[in-house]
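Coordinates in review
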Amino acid sequence: MKRLLGIFTALLLTTACDDGDLTVDTIDFSEVNAQKCTSRDVIYKVKDSEMLILAIPASTFTNDETTEGNPIEVSIGSNIEVIYRQYSGGASSDNICPTIPSATPNLLEEWNATAGTVQITTTAVKTVNPTTGITQITGYKHFIVFKNITFQKPNGTQVYETYTFGNYTTNVSPLAFGFDQEAEKSTCDNRIFNFSGSESFVLDLADYSTLFQNEVTTTPRTALISASNKVTYRLFNGTVNDAYFCATTTPVTPLLSQEWTANDGVANVSGIIEVSTTTFGTGFQHTIRLKKVTMTKGNTNFYLGDDYLYGALITP
């Protein structure tokens, strides 16, 4: 009986090998960085003679963080391909990126995914100024996992419940925040502006008359950021000014490309607008500081620092 059991086990192992079953160890790109073709929406990993390819529209990767447990999910199909290749020698981008790929080294074997889902979990890549605490977003890291992926191989199929492709990072230009210290009041309402080319930093304050009094302060006047006291950063694709915001109908140009809104404040903790007033010639100078403010767009945020100098407003 033991002999029969041993023969049966050997047959099972032989059948598994003949079926071409592939283990995760065989396709292991965990130590390899993902790269992208410059002229094609193709992300790939190369390890010696092996290549793992993900052809996917660039628009799938959004510049916004995904919430916990809610990755972006897209199905493998006609416009999303996953391919594993084995070459006769060292593979490179020349084998996948050009319109006419290099014919060398020779392609020995190719597996094509026929079903499955691509899951993408995105987080912002941030740098922190050690002096001011201001954070800047320099890119987005996309963690890619294939779920229930089926590969069609020359000698059969191979299914993985979960296969980790790994991280793919897209770079973005950090927001310049190139503002000077000269704030100005709107010509049409009580908003306060600071402009820098295509950037605007707007304070829309219900507490304007309380914060900006023509009296020298001994202690700063304060207000909390809220639905009534809004702080908004906007980035456009062209120069913007007071006239844009005062127009009855929003102008067609320049186009808004990014908008970040300050989180509501918490008393004595965060999101505080602070105004200190001194004399300035025959008028008054109101210096505006934003204390412990976090700016948010979608699911992504960055910290404006413990003490951000917004600018100074001169009133007669």
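Before any of the text, the structure's been laid out above.
Okay, so let's go over this structure. Counting of residues starts from 1 at the beginning of each chain's written sequence and follows it residue by residue. The predicted nature of this model means local features are confined to residues of pLDDT at least 70 and side-chain atom pairs, given and counted, to a pLDDT of 80 or more, with totals for whole chains, interfaces and linings taken over all residues. In computing side-chain values, all of the structure's heavy atoms are included and hydrogens and water are not.

Stacked, edge-to-face and tilted are the three classes for Phe, Tyr and Trp ring pairs, Trp counted by its six-membered ring, which pair at centre distances within 6.5 Å; planes under 30 degrees apart are stacked, over 60 edge-to-face, the rest tilted. This structure, assessed with the given rule, holds 25 aromatic pairs. For the pair Phe-177 and Phe-201, a centre-to-centre distance of 5.4 Å together with 85° between the ring planes defines the contact as edge-to-face. Placement of the pair is Phe-177 in the loop between strand E8 (156-171) and strand E9 (184-185) and Phe-201 in strand E11 (residues 199-205), with a sequence separation of 24 residues. An identical accessibility class is assigned to Phe-177 and Phe-201; each is buried. Ring centres of Phe-201 and Tyr-310 lie 5.3 Å apart, and the angle between their planes is 50°; on these two criteria the pair is classed as tilted. Taken together, the residues Phe-201 in strand E11 and Tyr-310 in strand E19 (residues 307-315) connect sequence positions 109 residues apart. Site record: aromatic cluster; members linked through ring pairs are Phe-177, Phe-179, Phe-201, Tyr-233, Trp-260, Phe-302, Tyr-308 and Tyr-310. Whether a charge lies above a ring is judged from NZ of Lys or CZ of Arg, which has to be within 6 Å of the ring centre and within 35 degrees of the ring normal. Over the ring of Phe-29 we find Lys-47, and its NZ or CZ is 5.6 Å from the ring centre. Secondary structure follows DSSP: runs of H or I at least 4 residues long count as helices, runs of E at least 2 residues long count as strands, and numbering of each begins at the N terminus. Buried means the residue's accessible area, taken with a 1.4 Å probe over protein chains only, is under 20% of the maximum for its type, while exposed means over 50%, and partly exposed covers the values in between.

A few words on unusual backbone geometry. Most peptide bonds are trans, and most residues other than glycine sit at a negative phi. For the bond from Thr-104 to Pro-105, the omega torsion is -5°, close enough to zero to count as cis. Looking at the secondary structure, you find Pro-105 in the loop between strand E5 (81-87) and strand E6 (107-128). Looking along the chain, the bond that leaves Thr-253 and enters Pro-254 is cis, with omega of -5°. By the secondary structure assignment, Pro-254 is in the loop between helix H3 (242-246) and strand E14 (256-262). One non-glycine residue with positive phi stands out, namely Asn-268, at about 65°. Inspection of the secondary structure puts Asn-268 in the loop between E14 and strand E15 (272-280). Here Lys-292, not a glycine, exhibits a phi torsion of approximately 50°, which is positive. Judged by relative accessible area, which is 35%, Lys-292 ranks as partly exposed.

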